[in-house]
Structures are given as C-alpha cells and as structure tokens.
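If you want the building blocks of each chain, they are given just below.
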Amino acid sequence: MEKLVQGYVIRVSPYQENDCIITLLLKDSGDFLSFKARGILKSTSKNAPSCQLYTLGEYLLDYKNDNGNNVLKTGVILDRITDIYEKMEINLVLGLVCEGILKIDDGMDSQERLDLYGGIYDLLKIKTNYGTMILVILKYFMLYCGVLLEADGCVECGRKNHLVDVSYQAGGYLCYDCNHHLDPKRNELYLKNYRYVIKAELNNINDFEVPATVATTLINEFFEYLENSAGLRLKSRAVIGKIF
Ligand SMILES: [Zn+2]
C-alpha cells in the first residue's frame, strides 16, 4: 500500500549505516509523521536531497511491507529556503522551532504547529533580523507551555505607569513601588523591547527590530525562564548563545 504526503522535514535521525528516520510536519494537517529512508546517506542516493533538514517535500511511502512502518520509495523537493546552506542563522532559527515543537509536543495542537513553523519558514524568505525572530519564537514557546510573561502592567499591582523592572520570578513588569524603590536594573530600551516581543504576533514581526544588545540579554533570559518555569530545556540554547 502506498500513500503520498507533503511535509516539512523537521528531524533526521540516522539509525543504521546508511539509513535515516525522517520526521515530517505534514503540510495539510500539522501532524507528525515518520518514515524510514533507506540508503540516503550514500552519495548515490536519489532521495537524499528531498530528505535534507528543513526541506518541504512530497514523499511516496510504502507502509505495508515493513511491519506497517512507513518506508520511503521516492521523494521530491517542493520548496527550500534559498540561503539555507550559506546562512547559519537560518539553520539556527529553524532548528530552534523544530526542537521546540517536538519537545512541547501535545502542548501545541496541529494548527498551532503549522502556524508557527510555516509562519517562520515564510518569514525567513524575507526577514533578516534573526535575533528578533528567535525572541518571538521563544515567546510562543512560553505561550504553549502555559507560562507566557505579562506585559500589560505591573504584575503585582496592575498599574500601567512607573514600570521600572521585569521580574521573571514574578512573571512580568514591576512598578517602582512593587520593586521596593530599588534602583531599576533595566533601562527604557529593555523595557520597551520586552513589551514588543511579548506582544508580538507572527504577522507583525516586521514592525519592530530589537537592538542587538537588548536581544542578547532577552534571549538568554527567555531560555533561562523556559527552563526554570516550564522545564523546557533546549539544546539550541548553547549554539544560539554563541552567535547572539
Ligand atoms: Zn506594582
């Protein structure tokens, strides 16, 4: 029995000398689907190109002759981001999205996966501010882990003015009073960009650009916050931390 599917390659796991297990995010449903791709690590493999990470492809699978496992017969590339092998940042961004949606798993429904992965994939074709994109991706991970930070007002008393700090322990802004009149640790630029990112949606990601210095601080803090509050440990953190 054969079936034809279209999807994004979000994980490639070698499992025997020349074989891999490919995991797709299906383009029509947002569900995960895995199949065996035999021999694709051989230089002569015709199916190797369509099984590269982050490729959008169409795959003809056989699912009866191998104990019900899906086995690749043929694959073709439907789309791929042009600069993907030249720009490490593109790989980092897509790697982060893939790792997150695989780890959050049931925390996201299929439509949310598709919106996030498909949205970032499309943005990478036009957008070049990778630091801002990483921050918005991490904000979505907070949302789907149920720990989205507040950015409307002071998280303790609700007031919307004299906001002087962000407390990850409290979950958002602190006003001057709730910060116990201490010298604020954050500057205006930080406080403003924190709000932009927490309020951002995929469709307005181009409306602002987080300055590099603030982005570096926020990226590190967001990763830390996801680990501490949701137990979401992402391997991408190490390599992203070296670049941003
Ligand atoms: Zn307050």
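Above this note sits the structure.
None of these values were measured; they are calculated from a predicted model.

Caption draft 1: Quick look at the packing of aromatic side chains. Using the criterion set out here, one finds nine aromatic pairs in the structure. Members of the aromatic cluster, each reached through a chain of ring pairs, are Tyr8, Tyr117 and Tyr121. Lying over the aromatic face of Tyr63, Lys3 brings its terminal NZ or CZ to 4.6 Å of the ring centre.

Caption draft 2: Main features of helix H2 (residues 110-123). The end-to-end C-alpha distance of H2, which contains 14 residues, comes to 20 Å, matching closely the 20 Å that a straight helix rising 1.5 Å per residue would cover. Between the side-chain oxygen of the N-cap and the backbone nitrogen of Gln111 there are 3.1 Å, and the N-cap of H2 in question is Asp109.

Caption draft 3: Summary view of the packing of helix H1 (residues 88-104) against helix H3 (residues 130-144). Interhelical geometry of H1 versus H3 gives an angle of 5° and a closest axis separation of 10 Å. One finds that H1 runs roughly parallel with respect to H3. Two secondary-structure elements touch here, H1 through Glu89, Ile90, Val93, Leu96, Val97, Gly100, Ile101 and Ile104 and H3 through Tyr130, Met133, Ile134, Ile137, Leu138, Phe141 and Tyr144. Residue composition of the contact of H1 with H3, by class: 13 nonpolar, one polar and one charged.

Caption draft 4: Focus on the side chain of Asn129. As for its placement among the helices and strands, Asn129 is situated in the loop between H2 and H3. Residue Asn129 is classed as buried on the basis of its relative accessible area, which comes to 13%. Here Thr132 takes part through its side chain, which lies 2.6 Å from a polar atom of the side chain of Asn129. Those residues in contact with Asn129 that sit more than four places away from it in its chain are Glu209 and Val210.

Thresholds applied
Residues numbered from 1 in each chain as written. Predicted model: local features only at pLDDT ≥ 70, side-chain atom pairs only at ≥ 80, totals over all residues. Heavy atoms only, no water. Phe/Tyr/Trp six-rings, centres within 6.5 Å; stacked < 30°, edge-to-face > 60°. Lys NZ or Arg CZ within 6 Å of the ring centre and 35° of its normal. Helix = DSSP H or I, 4+ residues; strand = E, 2+ residues; numbered from the N terminus. Expected span 1.5 Å × (residues − 1). Polar contact = N/O pair within 3.5 Å; in protein donor to acceptor, adjacent residues only side chain to side chain. Axes fitted to C-alpha atoms, helices over the stretch in contact; angles between N-to-C directions. Parallel < 35°, antiparallel > 145°, perpendicular 65-115°, else oblique. Contact = heavy atoms within 4.5 Å. Nonpolar A, V, L, I, M, F, W, Y, C, P; charged D, E, K, R; others polar. Buried < 20%, exposed > 50% of the residue type's maximum accessible area, 1.4 Å probe, protein only.

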